[in-house]
Amino acid sequence: QVQLVESGGGSVQGGGSLRLSCAVSRYTGSSNCMAWFRQAPGKQREGVAVIGTATGVTAYADSVKGRFTISQDNAKNTVYLQMNSLKPEDTATYFCAAGSQCPLSSWYRPVFYRYWGRGTQVTVSS
């Protein structure tokens, strides 16, 4: 099965940057789509960014466009989320997710992702 492990979370001031990493045990098949979601306490999980692992095509939530960048390193079987110009509203647990369908038109639906990491905490202070 696909195993996902997130890392790189931490606490930063507003305007700061963090880079999250997601180590993937299986980069193809069940991981044609790799996405980042986030969830704040008491709130629903929301999609942040997605990358098609075969094509490199990406998509982002409107709230993070121009600030966040998703990328991949095939040699390391790792997906990254570079987060710049962080805001307090970005505070959440960030989850890596893998899906087989790579639905780039509706990637933000959690139902498309079969495998999930356990999350890494990001805290942005004002």
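That block above? That's the structure.
Residues numbered from 1 in each chain as written. Predicted model: local features only at pLDDT ≥ 70, side-chain atom pairs only at ≥ 80, totals over all residues. Heavy atoms only, no water.

Caption draft 1: Region of interest: the overall build of the chain. Summing up its helical and strand segments, the chain has 0 helices and 11 strands in all. If you list the helices and strands of the chain from N to C, you get β-β-β-β-β-β-β-β-β-β-β. Relative to the 2.2 N^0.38 estimate, which gives 14 Å for 126 residues, the radius of gyration of the chain is 13 Å and therefore close to what a compact globule would have. The dimensions of the chain, computed from C-alpha atoms along their principal axes, are 40 × 25 × 25 Å. Looking at the chain alone, contacts between residues at least 24 apart form 59% of all its contacts between residues at least 6 apart. Between the averaged position of the 12 positive side-chain charges in the chain and that of its 6 negative side-chain charges there is a distance of 6 Å. (Helix = DSSP H or I, 4+ residues; strand = E, 2+ residues; numbered from the N terminus. Rg over C-alpha atoms; globule rule 2.2 N^0.38 Å. Contact = heavy atoms within 4.5 Å. Lys, Arg positive; Asp, Glu negative; His and termini not counted. Charge placed at Lys NZ, Arg CZ, Asp CG, Glu CD.)

Caption draft 2: Seen up close, the sheet that holds strand β7 (residues 68-73). Taken in spatial order, the 4 strands of this open sheet run β1-β3-β8-β7, and their pairing is antiparallel. Single-partner strands in this sheet number two, and they are β1 (4-7) and β7. Across the sheet, the mean angle from the axis of one strand to that of its neighbour is 15°, orientation sign disregarded. The pairing of strand β3 (residues 18-24) with strand β8 (residues 78-83) spans 6 bridges and is classified as antiparallel. Residue pairing for β8: S21 is matched across the bridge by Y80. (Pairing = 2+ DSSP bridges. Axes fitted to C-alpha atoms, helices over the stretch in contact; angles between N-to-C directions.)

Caption draft 3: The arrangement of unusual backbone geometry in detail. Phi at N77 is positive, roughly 50°, even though this residue is not glycine. Summarising the element assignment, N77 is placed in the loop between β7 and β8. Of note in the backbone geometry, S85 takes a positive phi value of approximately 50° without being a glycine. Mapped onto the secondary structure, S85 falls in the loop between β8 and β9 (92-99). Note on S85: relative accessible area 41%, which makes it partly exposed. (Buried < 20%, exposed > 50% of the residue type's maximum accessible area, 1.4 Å probe, protein only.)

Caption draft 4: Representation of the pairing of β9 within the structure. Across the 8 residues that make up β9, a large majority, 7, are buried. Summarising the sheet, strand β4 (residues 33-39) and β9 pair through 7 bridges and their orientation is antiparallel. Considered in β9, the bridge of F37 is made with F95. As paired elements, β9 and strand β11 (residues 120-125) share 3 bridges and run antiparallel to each other. Its bridge partner being in β11, T93 is matched across the sheet by Q121. Sheet analysis places β9 next to strand β10 (residues 115-116), joined by 2 bridges and oriented antiparallel.

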